[in-house]
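Next come the chains, spelled out residue by residue.
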Amino acid sequence: GSVCTCGKKVLMEAVGSVLREYGCEQSLLSRPDGSATFLQGDTSVMAGVYGPAEIKVSREIHNKATLEVILRPKTGLPAIQEKNQEQLIRETCESVIIGSLHPRTSITIVLQIVSDAGSLLSCCLNAACMGLMDAGLPMRALFCGVTCAMDNDGTITLDPNFRQQKESRAVLTFAIESTERKVLMMSNRGVYSATELQQCIAAAQIASEKLFQFYRDFIRRRYSKS
């Protein structure tokens, strides 16, 4: 056991930066069944979750809920990039939502980008998870998003800001689930080796523990007040 923790410590020291400050608010919107705003540094995303709701017969799936993710840019209309990210977020949510409990219904997650200062996809994932929790939808596990930027000498920066992302050789975003820290989804750009990919996954798994702790503390505080 001791070998492992030592390796973890070395890895954390090799990781260029700690996560930016994060914050969250839930139930801000009155119309959705669940809502949340998630902040990471100066990146902020608001999520609204609608459903389980009735759905057109042509779109219903007989043994589970139909999940839709809509990602709205800060201004203008969604472009290819938003469409790609919608797909990644939907795959992540589909892998944890227990849709079989709500067959023939629709669940819609609307994500509004408030500000993008880097690590946008991971912030979208975190907002989506908090929104789903607020809506009380049954999930096998929680999930979080962690972005890693890697510079030319192989230094990993977690939760990079815009500048760090731009200057990096590779940027990888992982969705990680809370029970076994498994990677549910990965998005990547740039060049990296198989070893570097493993290092990024390990760094993201360590960072995910902080995020899941943040989730737990947030929920505990929220429900101890009411």
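Please read these numbers as outputs of a predicted model, since none were measured by experiment.

*Asks:* Describe in detail the pattern of salt bridges, supporting the description with residues and values.
*Replies:* Following the criterion strictly, the structure yields nine salt bridges and no others. For the salt bridge of arginine 59 with glutamate 68, the shortest nitrogen-to-oxygen distance reads 3.9 Å. Of the charged contacts, one joins glutamate 196 and arginine 169 as a salt bridge, the two residues approaching to 2.9 Å between their closest N and O atoms. You can see glutamate 196 sitting in helix H5 (residues 194-225) and its partner arginine 169 sitting in the loop between helix H4 (162-166) and strand E8 (170-177), a full 27 residues away along the chain.

*Asks:* Kindly report on the environment of alanine 149, identifying the contributing residues and their values.
*Replies:* One can find alanine 149 in strand E6 (residues 143-150). Overall, alanine 149 belongs to the buried group, its relative accessible area being 2%. For alanine 149, the residues in contact, after removing those within four places along its chain, are Thr155, Ile156, Thr157, Pro160, Gln164, Ser168, Ala170 and Val171.

*Asks:* Let's hear about helix H2 (residues 80-96): which residues, and what values?
*Replies:* With 17 residues, H2 extends 25 Å from end C-alpha to end C-alpha; this agrees with the ideal 24 Å at 1.5 Å per step. Regarding H2, the residues found buried are Glu82, Gln85, Glu86, Leu88, Ile89, Thr92, Cys93 and Val96. Contact partners of the buried residues in H2: strand E4 (66-72), strand E5 (106-115), helix H3 (120-135), E6, E8 and strand E9 (183-190).

*Asks:* A description of unusual backbone geometry should follow, citing residues and the corresponding values.
*Replies:* Residue glycine 51 is joined to proline 52 through a cis peptide bond whose omega torsion reads 0°. Of note, proline 52 is situated in strand E3 (residues 43-53). Located in the positive-phi region is arginine 104, a residue other than glycine, with phi close to 60°. Mapped onto the fold, arginine 104 is located in the loop between H2 and E5. A relative accessible area of 46% places arginine 104 in the partly exposed class. Non-glycine residue arginine 181 carries a positive phi angle of around 60°. You can see arginine 181 is positioned in the loop between E8 and E9.

*Asks:* Can you explain the side chain of threonine 108? Please cite residues and give values.
*Replies:* Among the secondary structure elements, threonine 108 is positioned in strand E5. Those residues within four positions of threonine 108 in sequence are excluded, and the remaining contacts are Gly48, Val49, Tyr50, Glu68 and Ile70.

*Asks:* Got a sec to walk through the side chain of glutamine 85? Specific residues and values, please.
*Replies:* Positionally, glutamine 85 belongs in helix H2. On the basis of relative accessibility, which here comes to 11%, the residue glutamine 85 falls in the buried class. When sequence neighbours within four positions are dropped, the list of residues in contact with glutamine 85 reads Leu71, Leu120 and Leu121.

*Asks:* Tell me about the packing of aromatic side chains, and please be specific about residues and values.
*Replies:* Tallying each qualifying case throughout the model produces six aromatic pairs. With 5.8 Å between their ring centres and 85° between their planes, phenylalanine 38 and phenylalanine 214 make a pair best called edge-to-face. Here phenylalanine 214 lies in helix H5 and phenylalanine 38 lies in strand E2 (residues 34-40), a separation of 176 residues in the sequence. Note on accessibility: phenylalanine 38 and phenylalanine 214 belong to one class, buried. Three or more aromatic residues joined by ring pairs make a cluster, and in this case those are Tyr22, Phe38, Phe212, Phe214, Tyr215 and Phe218.

*Asks:* Could you give an account of the sheet that holds E6, naming the residues involved and the relevant values?
*Replies:* Strands sit in the order E7-E6-E8-E9 across an open sheet of four strands; the sheet is antiparallel. Only two strands of the sheet have a single partner each, and these edge strands are strand E7 (156-158) and E9. Within this sheet the neighbouring strands show an average axis-to-axis angle of 20°, counted without direction. Where E6 meets E8, eight bridges bridge the pair, whose relative direction is antiparallel. The residue bridging valine 146 from the neighbouring strand is phenylalanine 174, located in E8. Sitting on the sheet, H2 touches E6, E8 and E9, and the angle it makes with E9 is about 165°. Its contacts with the sheet put H3 on E6, E8 and E9, and the angle it makes with E6 is roughly 170°.

The rules behind each value
- Residues numbered from 1 in each chain as written.
- Predicted model: local features only at pLDDT ≥ 70, side-chain atom pairs only at ≥ 80, totals over all residues.
- Heavy atoms only, no water.
- Salt bridge = Lys/Arg side-chain N within 4 Å of Asp/Glu carboxyl O.
- Helix = DSSP H or I, 4+ residues; strand = E, 2+ residues; numbered from the N terminus.
- Buried < 20%, exposed > 50% of the residue type's maximum accessible area, 1.4 Å probe, protein only.
- Contact = heavy atoms within 4.5 Å.
- Expected span 1.5 Å × (residues − 1).
- Phe/Tyr/Trp six-rings, centres within 6.5 Å; stacked < 30°, edge-to-face > 60°.
- Pairing = 2+ DSSP bridges.
- Axes fitted to C-alpha atoms, helices over the stretch in contact; angles between N-to-C directions.

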